[in-house]
Structure formats: structure tokens, C-alpha cells
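Architecture at a glance
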Amino acid sequence: MKVHIVSNTRMARHGLSKRLLPILLCVGGFYTSAQNLPSPKVPPPVQSTSFSTNDTSLSELMSNPTPGGIWENGVGEGFRSKTQSLTVSAGATYGFASFGSREQHHLAMGSLTYGHMLGHAVGEGHWWHGNWEFRLELFSGAQFDPDTRWFVGLTPHLRYNFATGTRWVPFVDAGAGVTATSIGPPDLSGTFEFNLQAGTGIMWFLKDNLALSLEARYVHWSCAGLHRPNLGLNGVTGLLGITYFF
């Protein structure tokens, strides 16, 4: 009986070993595979992006805070290139009998003017910092002394607007054009006359793109000797106007 118990015990141990062997082999294989797995990759740190005021586009944006406006760097700091304008003006000419004229010709007139800036402001850092502007003026009116006569004319102007950095923008301009008029002798000879103008004035900006203007011009009309008489009409014209820029 004792021998039988011993043999049974040995058989039980032998069976248990056979059962544990596959389990141990599986555990060992899993451990080996785990050791060979690649280590997880750590995502690279997010790089911060910085902006420099030296960047050209950013600098332009900062210096021009209102894209599409008429000013390069704020009101009175010079107009943007290709800025346009429309001006409506009214005034009168005080004539004087000098420079060959025999009579005083007093005129009342109105005008409509289109303006176009010829480029960016020039002369930065100088007292004459400003913009060149081309202007085309259509004017008409009547002589009321010494008698009643009509006139109409078209004159191209070249104007220089000073950049003062304020809402007050002074200017100088000059022009030469043509005039049709019924004013005749003793100073003028016929319907067709040339006109010469030169003057100065100032604009006061009510808003960023709307200004009142006051100007004074010397004017001369004559036919350049094409007909007789050719003594000429001379005077000083004062104009009050309002200008819209776009």
C-alpha cells in the first residue's frame, strides 16, 4: 500500500510539470517580446512663433493703420500716391487797370476741379515736405463791371501741397489754359483767349477726407497777339471751396 502511494505522488508531480511547462514558455516569450518593443516617441516641443517689427509687411501695416485712406502716415503727413479729389469753388475777381489793361474787369465765377496726386510725398525731413498734384479746372461766370459779359474756361494746374502734420495744409499752384468770353475791346479782341494763373492758399480738413479751402490767384487773359487789341485782362481772384478726397 505504501508503494502505491509513492508512485501516485510521483505521477502527479510529473503531470503538473507537463502542465506548467507551456505556461512558463508563454510567459518567457511574452517577456522577451516586451523587451524588444521600441520605446515610444516623444512629440517634439511646439516652437513658439515670434513676430518682429522689422518684417516689411508688418511695418507697413503699423505705419499705415487705415489701408485705403488718403494719408500716408496720418492727417497732414502727406497724401498717398494716386489720391484723387473733387473741388467745388466760388469767388470773384477784382480787376485792375495795369500791365497794359485800360479797364478794371470785375468778375464773379464758380469752378469744378478734379485733382490727382502724382506720387508719394517727397522731401521728408525738409520744410517743403509734400505732394505734387495735377488738377484740371472747369470754370464759368460773368463780368459784372464795367458791363455784363459771360466767360467759360478750362485750365490744367500743377499744385504742390505741403505736409505740415496738422489739419492745415497750405499749397501753391500755377496753370495755363483757354477761355471763351464775350468780353471785348478795349482790352480783349474776341471769343478765344488764353488764361494764365498763379496763386496760393490753404486747406483746413474738417474730416480725414473733407476740407475747406481758401485761395488767392493772379489771373491774366489775352490772345497772345493772335488778334488786336491784345492789352489783356488782369486781376486777383479769391475763391472759397470744399474738396472731397478719395
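Residues numbered from 1 in each chain as written. Predicted model: local features only at pLDDT ≥ 70, side-chain atom pairs only at ≥ 80, totals over all residues. Heavy atoms only, no water.

Digging into the nonpolar core
Counting residues in each nonpolar core, the largest one holds 10 residues, listed as Ile70, Trp71, Phe79, Met117, Val169, Phe171, Met203, Phe205, Ala211 and Phe245. The set of elements that each furnish at least two residues to this core consists of strand S5 (168-181) and strand S6 (192-207). Ranked by size, the runner-up nonpolar core spans nine residues in total, among them Leu107, Phe151, Leu188 and Leu239. (Core = buried A, V, L, I, M, F, W, Y, C linked by side-chain atoms within 4.5 Å. Buried < 20%, exposed > 50% of the residue type's maximum accessible area, 1.4 Å probe, protein only. Helix = DSSP H or I, 4+ residues; strand = E, 2+ residues; numbered from the N terminus.)

Topic: the side chain of histidine 106
Examined against the element boundaries, histidine 106 turns out to sit in strand S2 (residues 106-117). Among the residues examined, histidine 106 registers a relative accessible area of 11% and is labelled buried.

Comments concerning the packing of aromatic side chains
Tallied over the full model, the rule gives 16 aromatic pairs. Arranged with centres 6.2 Å apart and planes meeting at 50 degrees, the rings of phenylalanine 139 and phenylalanine 151 form a pair that is tilted. With phenylalanine 139 in strand S3 (residues 130-145) and phenylalanine 151 in strand S4 (residues 149-162), this pair connects stretches of sequence that are 12 residues apart. Phenylalanine 151 shares its class with phenylalanine 139; the two are buried. Judged by centre distance (5.7 Å) and plane angle (20 degrees), the rings of tryptophan 168 and tryptophan 204 are stacked. (Phe/Tyr/Trp six-rings, centres within 6.5 Å; stacked < 30°, edge-to-face > 60°.)

Here we look at the sheet that holds S3
Taken in spatial order, the eight strands line up as S1-S2-S3-S4-S5-S6-S7-S8 and close into a barrel, and their pairing is antiparallel. Neighbour to neighbour, the strand axes of the sheet diverge by 25 degrees on average, direction disregarded. The sheet contact formed by S6 and strand S7 (residues 210-222) spans 13 bridges and is antiparallel. Looking at the pairing, threonine 200 lines up with alanine 216 of S7. (Pairing = 2+ DSSP bridges. Axes fitted to C-alpha atoms, helices over the stretch in contact; angles between N-to-C directions.)

As for the pairing of strand S1 (residues 84-95)
Strand direction decides the pairing type here: S1 and S2, joined by 10 bridges, are antiparallel. When the bridges of S2 are listed, leucine 86 appears paired with tyrosine 114. Note that S1 and strand S8 (residues 233-245) share 11 bridges and pair antiparallel. Directly across from threonine 93, in S8, lies its bridge partner threonine 237.

Concerning the pattern of salt bridges
Throughout the structure, instances matching the rule amount to seven salt bridges. A salt bridge links glutamate 215 to arginine 159; the shortest N-O distance between them is 3.6 Å. Here glutamate 215, found in strand S7, pairs with arginine 159, found in strand S4; they are 56 residues apart in sequence, far enough to count as distant. By relative accessible area, which is 2% here, arginine 159 ends up buried. Among the ionic pairs, arginine 167 bridges to aspartate 208, the shortest N-O distance being 3.5 Å. Of the two residues, arginine 167 sits in the loop between S4 and S5 while aspartate 208 sits in the loop between S6 and S7, which places them 41 residues apart along the sequence. Accessibility expressed as a relative area gives 42% for aspartate 208, which makes it partly exposed. What emerges from the salt-bridge pattern is a single network uniting Glu137, Arg159, Asp173, Glu215 and Arg217. (Salt bridge = Lys/Arg side-chain N within 4 Å of Asp/Glu carboxyl O.)

Comments concerning the pairing of S5
Regular strands place side chains that alternate from one sheet face to the opposite one. The pairing of S4 with S5 spans nine bridges and is classified as antiparallel. By the bridge assignment, phenylalanine 151 is partnered in S5 with threonine 181. Connecting S4 to the antiparallel partner S5 that follows it, the hairpin turn spans five residues, and glycine 165 within it adopts a positive phi of roughly 80 degrees. Sheet topology note: the S5/S6 ladder contains 13 bridges and is antiparallel.

Describing unusual backbone geometry
The bulk of non-glycine residues show a negative phi, and the bulk of peptide bonds are trans. Of note, the amide linkage connecting aspartate 145 to proline 146 takes the cis form, showing an omega dihedral of 15 degrees. Its place among the elements puts proline 146 in the loop between S3 and S4. Cis peptide bonds are those with omega within 30 degrees of zero, and the linkage from proline 185 to proline 186 qualifies with 15 degrees. Within the fold, proline 186 resides in the loop between S5 and S6. The phi angle at lysine 82 is positive, at roughly 70 degrees, despite the residue not being glycine. Of note, lysine 82 is situated in the loop between helix H2 (56-63) and S1. On the accessibility criterion, lysine 82 (59% relative accessible area) is exposed.

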